[in-house]
Amino acid sequence: MKLKSHLHGKRGADLLHDPLLNKGTAFTEAERDALGLRGLLPPHVATQDQQVARVLETVRRKPTDLERYIYLISLQERNENLFYRLVTDHVTEMMPLIYTPTVGLACQRYALIFRRPRGLFLSLHDRGRVKQVLQNWPHADVRMIVVTDGERILGLGDLGANGMGIPVGKLSLYTACAGVAPDQCLPVMLDVGTNNAAFLQDPHYIGTAQPRERGPAYDALVAEFVAAVQEIFPRACIQFEDFGNANAFRLLREYRDKICTFNDDIQGTASVTLAGVYSALRLTQGRLADQRFLFLGAGEAGIGIGELIVGALRAEGVSEDAARRQCWYVDSQGLVVAGRTDLVEHKRRFAHDHPGATSLLAAVETLQPTMLIGVSGMPATFTEPVVRALARCNARPVVFALSNPTSKAECTAEQAYTWSEGRAIFASGSPFPDFVLNGRTYQSGQGNNSYIFPGVGLGIIVSQSQRVTDEMFFVAAKVLASLVTEQDLAVGRVYPNLQRIREVSAAIATAVAQVVFQRGLTQMLCPEDLAARVKAQMYDPNYPDYV
Ligand code: NAD
């Protein structure tokens, strides 16, 4: 009997303990005979469908979402194909468990739920030997790296080394949503200390218990990491994730023209939000050039969205100046205006000549925005008076409460619909359940960058792009918006049904790869049928035959 080469000679217990190869009870009779598995498994041979049904039932029986998360991670650690079949078959149910909001809770409790390490941990003590550490990773063909320093995990702040849950979760979405092969994904934690006082006191904290490094040692570690990746994994794209905003903007500026890298909080969020804006315009029948955007929060997400909107407006012929004047910000100190002396560079580009306003409500009343976008990480800030004021000046007020996790959302779906008498066009970063008002069911959309980064990443991988550009995120937004159906809009959803995420990601990947080839960002030649190449490259979680 001929054994398939992807087993790399593995058999018996070694096979059962390799999560990339293990099929558990689904090893067939022939495979059990050929691979020395007889007796190591219970006699009943299950199909993968039966296994999916069983693990789904187990997930549902768990008493809390955190328990469900722990179970799912343990499933991923023993059988990746089954984990990904479960997640792709039931993506709407599983995504909130493996990603926001549950992953936030998991990071907060990481020390207590820690079972097996996943990903690479690099600390300040590894300076001078980062290359050797990367060489310890068991897979050679890494294509996508998600790296964090844990300083701004979702809207939860500094979670230090516990933030590793985020790169792990994001890369699971690369695989589940876009079919990036699991062994091509590498989660990385740069442990540079933490300023989380509780963790510094906690004897179970898994990271380096020292205050966060802010000096040259920090930059040296990042630089050594980036250089080592170019050497050890030369085809990898590095996604910076959940860095504090001072480092996020700076590192993006430093590396974007030198290596293949992007910052999802800045660029991915911008793309998904612009897509939601385009869809909302179909409902309001408005034009982008006539909108006034008011952001609560002028950090990575807010400024990233503003910059992409400016790019989109410029593509429509609006001048840079006029485009910037369509975007307004309220940060923790009030309305961002030219007269303020406390503004960092990325905010100054959107600081207009205008009297200040100390509250969001005052800003809404004076500016009369058409779209209100929350990226502040501050819950309950879209108050009833704020939403009512917005609803007074718009027939269809657009309310995007994008802060994660759910506990940080600026308002809930129920509040947005109730306070606007059902007229709001609402989206949120973490999902909200359907809401019924006056007999009508509203299904709000999830304005989460998980609609964007998996497809963008796949496009970069397929085309072997050497850079990541803003144009890719603009194109991704257009593709995502184009896939929103009239049925989606009819129930209030400005994004496609999540169940279609693999199709969405494939379309985004194809469009992104097209940009790569058109702009000459790769040494590869464009394949004849790019869309087919993208689809062919997508990882399939169905079990292969081994004999
Ligand atoms: P950040 O730290 O870079 O920026 C936060 C901004 O909020 C800062 O400008 C800060 O001044 C402002 N702020 C803080 N308190 C405020 C207050 N009381 N009133 C007004 N503004 C206030 O963080 P970020 O990366 O921009 O992320 C912000 C939030 O957006 C987080 O909750 C994050 O989870 C969420 N986010 C969501 C998505 C998504 O896909 N939906 C993507 C990225 C970020």
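The structure we're discussing is the one just above.
Residues numbered from 1 in each chain as written. Predicted model: local features only at pLDDT ≥ 70, side-chain atom pairs only at ≥ 80, totals over all residues. Heavy atoms only, no water.

Explain the overall build of the protein residue by residue, including any values.
Counting its secondary structure elements, the protein contains 25 helices and 14 strands. Along the three orthogonal principal directions, the C-alpha set of the protein runs to about 75 × 60 × 55 Å. Of the contacts made within the protein by residues no fewer than 6 positions apart, 72% connect residues no fewer than 24 positions apart. Accessible surface for the protein amounts to roughly 21500 Å². Of this, 51% is attributable to carbon and sulfur atoms. Of the side chains in the protein, 55 bear a positive and 56 a negative charge, and the two mean positions are spaced by 2 Å. (Helix = DSSP H or I, 4+ residues; strand = E, 2+ residues; numbered from the N terminus. Contact = heavy atoms within 4.5 Å. Areas by Shrake-Rupley, 256 points an atom, 1.4 Å probe, with all protein chains shown as cover. Lys, Arg positive; Asp, Glu negative; His and termini not counted. Charge placed at Lys NZ, Arg CZ, Asp CG, Glu CD.)

Describe unusual backbone geometry, with residues and values.
Of note, the bond from threonine 100 into proline 101 is cis; its omega dihedral lies within 30 degrees of zero at 10°. Residue position: proline 101 is located in the loop between helix 6 (91-98) and helix 7 (102-108). Cis geometry is found at the peptide bond from asparagine 404 to proline 405, where omega equals -10°. Within the secondary structure, proline 405 is located in the loop between strand 10 (398-401) and helix 20 (413-419). The backbone of aspartate 242 sits at a positive phi, close to 55°, despite the residue not being glycine. Tracing the sequence through the fold places aspartate 242 in the loop between strand 4 (237-240) and helix 13 (245-255). Aspartate 242 gets classed as buried once you look at its relative accessible area, which sits at 1%. (Buried < 20%, exposed > 50% of the residue type's maximum accessible area, 1.4 Å probe, protein only.)

Give a description of the site of the ligand that names residues and reports values.
As a structural note, the neighbourhood of the ligand is formed by 27 residues, with Arg152, Thr269, Ala298, Ala301 and Gly447 the closest of them. Between the ligand and the protein, one listed contact pairs a nitrogen atom with a backbone N or O atom of glycine 447 at 2.8 Å. Protein contacts shield 86% of the accessible area of the ligand, which totals 850 Å² for the unbound molecule. Residue assignment for the shell around the ligand shows that the elements contributing at least two residues are helix 14 (264-284), helix 15 (300-315) and strand 7 (327-331). (Near = heavy atom within 4 Å. Polar contact = N/O pair within 3.5 Å; in protein donor to acceptor, adjacent residues only side chain to side chain.)

Go over the sheet that holds strand 1 (residues 120-123) with me, naming the residues and quoting the values.
Sheet architecture is open: five strands sit in the order 1-3-2-4-5, paired in parallel fashion. Here the strands that pair on one side only, and so sit at the sheet edges, are strand 1 and strand 5 (261-263). When strand polarity is set aside, the average angle formed by the axes of neighbouring strands in this sheet is 25°. Pairing between strand 2 (residues 144-148) and strand 3 (residues 185-191): five bridges, direction parallel. Note on strand 3: the bridge partner recorded for valine 147 is valine 188. With respect to the sheet, helix 12 (residues 216-232) is in contact with strand 1, strand 2, strand 3 and strand 4, its orientation differing from that of strand 4 by roughly 155°. (Pairing = 2+ DSSP bridges. Axes fitted to C-alpha atoms, helices over the stretch in contact; angles between N-to-C directions.)

Just give me the short version of the pattern of salt bridges, but keep the residues and values in it.
All told, the structure shown has 41 salt bridges when counted by the stated rule. A salt bridge links glutamate 320 to arginine 324, with the nearest nitrogen and oxygen atoms 2.8 Å apart. Of this pair, glutamate 320 and arginine 324 both sit in helix 16 (residues 320-325), separated by four residues, roughly a single helical turn. Taking the shortest distance from any N to any O, the salt bridge between aspartate 331 and lysine 347 comes out at 2.9 Å. Here lysine 347 lies in helix 17 (residues 345-348) and aspartate 331 lies in strand 7, a separation of 16 residues in the sequence. Comparing aspartate 331 with lysine 347 shows no difference in burial state: the two are buried. Taken together, the salt bridges that share partners define one network made up of Glu307, Arg314, Glu320, Arg324, Glu345 and Arg349. (Salt bridge = Lys/Arg side-chain N within 4 Å of Asp/Glu carboxyl O.)

Could you give me a rundown of the nonpolar core, with the residues and numbers involved?
Counting residues in each nonpolar core, the largest one holds 159 residues, and the members touching the most others are Leu134, Ile145, Phe225 and Phe233. Excluding residues that lie within four positions of it along the chain, phenylalanine 225 makes contacts with Leu122, Val130, Leu134, Ile145, Val147, Val188, Leu190 and Ile238. By size, the runner-up hydrophobic cluster in this structure holds 31 residues, among which are Leu294, Leu390, Ala409 and Leu437. (Core = buried A, V, L, I, M, F, W, Y, C linked by side-chain atoms within 4.5 Å.)

Go over the packing of aromatic side chains with me, naming the residues and quoting the values.
One pass over the full model with this rule turns up 15 aromatic pairs. Taking the centre distance of 6.0 Å and the plane angle of 40° together, the rings of phenylalanine 27 and tyrosine 546 count as tilted. Of the two residues, phenylalanine 27 sits in the loop between helix 1 (12-16) and helix 2 (29-34) while tyrosine 546 sits in the segment after helix 25 (530-537), which places them 519 residues apart along the sequence. Across this residue pair, the class does not change: phenylalanine 27 and tyrosine 546 are buried. Their ring planes at 80° and their centres at 4.8 Å tell us that phenylalanine 83 and tyrosine 84 sit as a pair that is edge-to-face. Residue classification places tyrosine 84 among the buried positions, given a relative accessible area of 2%. (Phe/Tyr/Trp six-rings, centres within 6.5 Å; stacked < 30°, edge-to-face > 60°.)

Which residues make up the pairing of strand 2, and what values go with them?
Burial of strand 2 is extensive: five of the five residues sit out of reach of the surface. Covered by surrounding structure in strand 2 are Met144, Val146 and Thr148 together with Ile145 and Val147, the residues of both alternating faces. Crossover connection from strand 2 via helix 10 (residues 165-178) to parallel strand 3: handedness right-handed. In the sheet, strand 2 pairs with strand 4 via four bridges, with the strands oriented parallel. Each residue of the ladder has a partner; that of isoleucine 145, found in strand 4, is isoleucine 238. (Right-handed = clockwise from strand over helix to strand, strands pointing away.)

Describe the state of the cysteines, with residues and values.
Tallied over the full model, the rule gives zero disulfides. The thiol of cysteine 177 is not disulfide-bonded; the next cysteine sulfur, from cysteine 185, is found 11 Å away. For the unlinked cysteine cysteine 260, the closest cysteine sulfur is that of cysteine 237, found at 3.8 Å. (Disulfide = S-S within 2.5 Å.)

Tell me about the environment of alanine 389, and please be specific about residues and values.
Relative to the helices and strands, alanine 389 is located in helix 19 (residues 384-393). Its relative accessible area of 6% is what places alanine 389 among the buried residues. When the C-alpha atoms of alanine 389 and serine 420 are compared, they prove to be 9.2 Å apart, with 31 residues separating the residues in sequence. For alanine 389, the contacting residues outside a window of four places in its chain are Leu361, Val364 and Glu365.

Residues and numbers for the packing of helix 21 (residues 453-463) against helix 25, please.
In the contact formed by helix 21 and helix 25, the axes pass within 10 Å of each other and the chain directions differ by 105°. Classified by the angle between their axes, helix 21 and helix 25 sit roughly perpendicular to one another. Across the interface between the two elements, Leu458, Ile461 and Val462 from helix 21 touch Arg533, Val534 and Gln537 from helix 25. Of the residues belonging to the contact of helix 21 with helix 25, the class tally is four nonpolar, one polar and one charged. (Parallel < 35°, antiparallel > 145°, perpendicular 65-115°, else oblique. Nonpolar A, V, L, I, M, F, W, Y, C, P; charged D, E, K, R; others polar.)

By themselves these figures say nothing about function.
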